[in-house]
Amino acid sequence: METAIALLKAHGYREASHPLPIGSANFSFDAVLTADRSLDLIVLSDTTIGNEERFRRQILALSRALDVIRSRRTLTVILVGQQLSAEAMESLMRVCRVLPVGTLIGPNAESTLRDWLAVLLPLRLPDADNIQSDWRAEVTERLPRANTRSAIAYLGASEAGGASVREELRRRVQAVLDSRAGDIGA
């Protein structure tokens, strides 16, 4: 929890007042962060403590209170610790963005946390000095091994522009449809 808060604070978020007043109601969570440069309202919760149903109801009430005051804030819930039930997750995802980071340990914990919270963080661009003059080789090297063949085809098409990429997609979809046509007797 502290690592997530520190990471977000390092990127412009600040802790909101506790308890959080919305309209005439006050809401209490493990931590709430806001930012001056965006309309993000972030609730952090340690799911290893407390009651899942109570937390779900609190988030639904907070979401409703934001609606009532016609808030334009984007509500994000970061869940640290054990996973919530599928029903609770589904219920939360109806009213807010949910980022379940789980329990992160090990040498890559901070990197994994950064990946989970990437939607809230500024985009990290590669250093221009590190970019090779051959962008295609650089991108190809970074591609995951799965689906590399199709990705390379799209890369090649991208050099000719958007229409070429669309044509590559059309060609691939048509190839799949043609291969399946025999299966259904079309």
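What counts, and at which threshold
Residues numbered from 1 in each chain as written. Predicted model: local features only at pLDDT ≥ 70, side-chain atom pairs only at ≥ 80, totals over all residues. Heavy atoms only, no water. Phe/Tyr/Trp six-rings, centres within 6.5 Å; stacked < 30°, edge-to-face > 60°. Helix = DSSP H or I, 4+ residues; strand = E, 2+ residues; numbered from the N terminus. Buried < 20%, exposed > 50% of the residue type's maximum accessible area, 1.4 Å probe, protein only. Lys NZ or Arg CZ within 6 Å of the ring centre and 35° of its normal. Contact = heavy atoms within 4.5 Å. Polar contact = N/O pair within 3.5 Å; in protein donor to acceptor, adjacent residues only side chain to side chain. 1 Å grid on protein atoms, 1.4 Å probe; cavity = no way out; pocket = protein on both sides within 12 Å on 5 of 7 lines; lining within 4 Å. Points joined across faces, edges and corners; volume = space filled by probe spheres on them. Nonpolar A, V, L, I, M, F, W, Y, C, P; charged D, E, K, R; others polar. Patch = residues over 30% accessible without salt bridge, like charges linked within 9 Å, V, L, I, M, F, W, Y side chains within 5 Å. Areas by Shrake-Rupley, 256 points an atom, 1.4 Å probe, with all protein chains shown as cover. Salt bridge = Lys/Arg side-chain N within 4 Å of Asp/Glu carboxyl O. Pairing = 2+ DSSP bridges. Axes fitted to C-alpha atoms, helices over the stretch in contact; angles between N-to-C directions. Right-handed = clockwise from strand over helix to strand, strands pointing away. Parallel < 35°, antiparallel > 145°, perpendicular 65-115°, else oblique.

Undergrad: Got a minute to help me understand the packing of aromatic side chains in this structure?
TA: Think of a pair of aromatic rings as described by two things: how far the centres are apart, and how the planes are tilted against each other in angle. All chains considered together, the criterion is met by one aromatic pair. Here the aromatic rings of phenylalanine 29 and phenylalanine 55 are separated by 6.3 Å at their centres, their planes lie at 85 degrees, and the arrangement is edge-to-face. You can see phenylalanine 29 sitting in the loop between strand S3 (25-27) and strand S4 (31-35) and its partner phenylalanine 55 sitting in helix H2 (residues 52-68), a full 26 residues away along the chain. For the residue pair phenylalanine 29 and phenylalanine 55, the accessibility class agrees, reading buried in each case. Against the face of tyrosine 13 rests arginine 37, its NZ or CZ located 5.2 Å from the ring centre. Against the face of tyrosine 154 rests arginine 172, its NZ or CZ located 5.6 Å from the ring centre.

Undergrad: Just checking my understanding: could you explain the environment of arginine 73 for this structure?
TA: Position of arginine 73 among the secondary structure elements: in the loop between H2 and strand S6 (74-80). On the basis of relative accessibility, which here comes to 32%, the residue arginine 73 falls in the partly exposed class. For arginine 73, the contacting residues outside a window of four places in its chain are Thr34, Ser38, Leu39, Asp40 and Leu41. Polar side-chain contacts of arginine 73 include one of 3.2 Å to the backbone oxygen of aspartate 40.

Undergrad: Can you help me understand the layout of surface pockets in this one?
TA: Any space left empty among the atoms is revealed by the rolling of a water-sized probe across them. A volume near 270 Å³ is recorded for the largest pocket. In terms of lining, the largest pocket is formed by 16 residues, of which the most central are Ser45, Ile49, Gly50, Asn51 and Phe55. Breaking the lining of the largest pocket down by element, the ones donating at least two residues are strand S5 (40-46) and H2. The biggest single contributor to the lining of the largest pocket is H2, with four residues. Here the lining of the largest pocket is composed, by residue class, of four nonpolar, eight polar and four charged.

Undergrad: How should a nonpolar patch on the surface be read in this particular structure?
TA: On the surface, Leu169, Val173 and Leu177 cluster together to form a nonpolar patch covering roughly 270 Å² of accessible area. Checked against the element boundaries, leucine 177 lands in helix H7 (residues 162-184).

Undergrad: I keep staring at the sheet that holds S6 and nothing clicks. Help me out?
TA: Sheet strands line up and pair through hydrogen bonds in the backbone, either parallel or antiparallel. Taken together, five strands build an open sheet; the order of strands is S1-S4-S5-S6-S7 and the sheet is mixed. Sheet topology places strand S1 (13-15) and strand S7 (97-102) at the edges, where each strand pairs with a single neighbour. The average angle at which neighbouring strand axes cross in this sheet is 25 degrees, direction not considered. Pairing between S5 and S6: seven bridges, direction parallel.

Undergrad: Before we go on, may I ask you to explain the pairing of S7 in this structure?
TA: Regular strands place side chains that alternate from one sheet face to the opposite one. Relative to S7, S6 runs parallel, the two being bridged by five bridges. Bridging from a neighbouring strand, leucine 79 pairs with proline 100 of S7. For the handedness criterion, the β-α-β arrangement of S6, helix H3 (residues 86-93) and S7 is classed as right-handed.

Undergrad: I tried to follow the packing of H2 against H3 on my own but got confused; where do I start?
TA: Helix packing for two helices is described by the angle between their axes and how far apart those axes are. Running from N to C, H2 and H3 point in directions that differ by 10 degrees, and their axes come no closer than 10 Å. With respect to their mutual orientation, H2 and H3 come out roughly parallel. Here Glu52, Phe55, Arg56, Ile59 and Leu60 of H2 come into contact with H3, specifically with Ala88, Ser91 and Leu92. Class assignment for the residues of the contact of H2 with H3 results in five nonpolar, one polar and two charged.

Undergrad: I keep staring at the pattern of salt bridges and nothing clicks. Help me out?
TA: Working definition: two side chains of opposite charge can pair if their charged atoms are close together. The tally for this structure, following the rule as stated, stands at nine salt bridges. A salt bridge links lysine 9 to glutamate 15, with the nearest nitrogen and oxygen atoms 2.7 Å apart. A relative accessible area of 44% places glutamate 15 in the partly exposed class. Put simply, arginine 57 and glutamate 53 hold a salt bridge, and the shortest N to O gap is 3.2 Å. Residue arginine 57 and its partner glutamate 53 are both found in helix H2; the two are separated by four residues, about one turn of the helix. Assessed through its relative accessible area of 51%, arginine 57 is described here as exposed. Among the ionic contacts, a cluster of salt bridges with common partners joins Glu53, Arg56 and Arg57.

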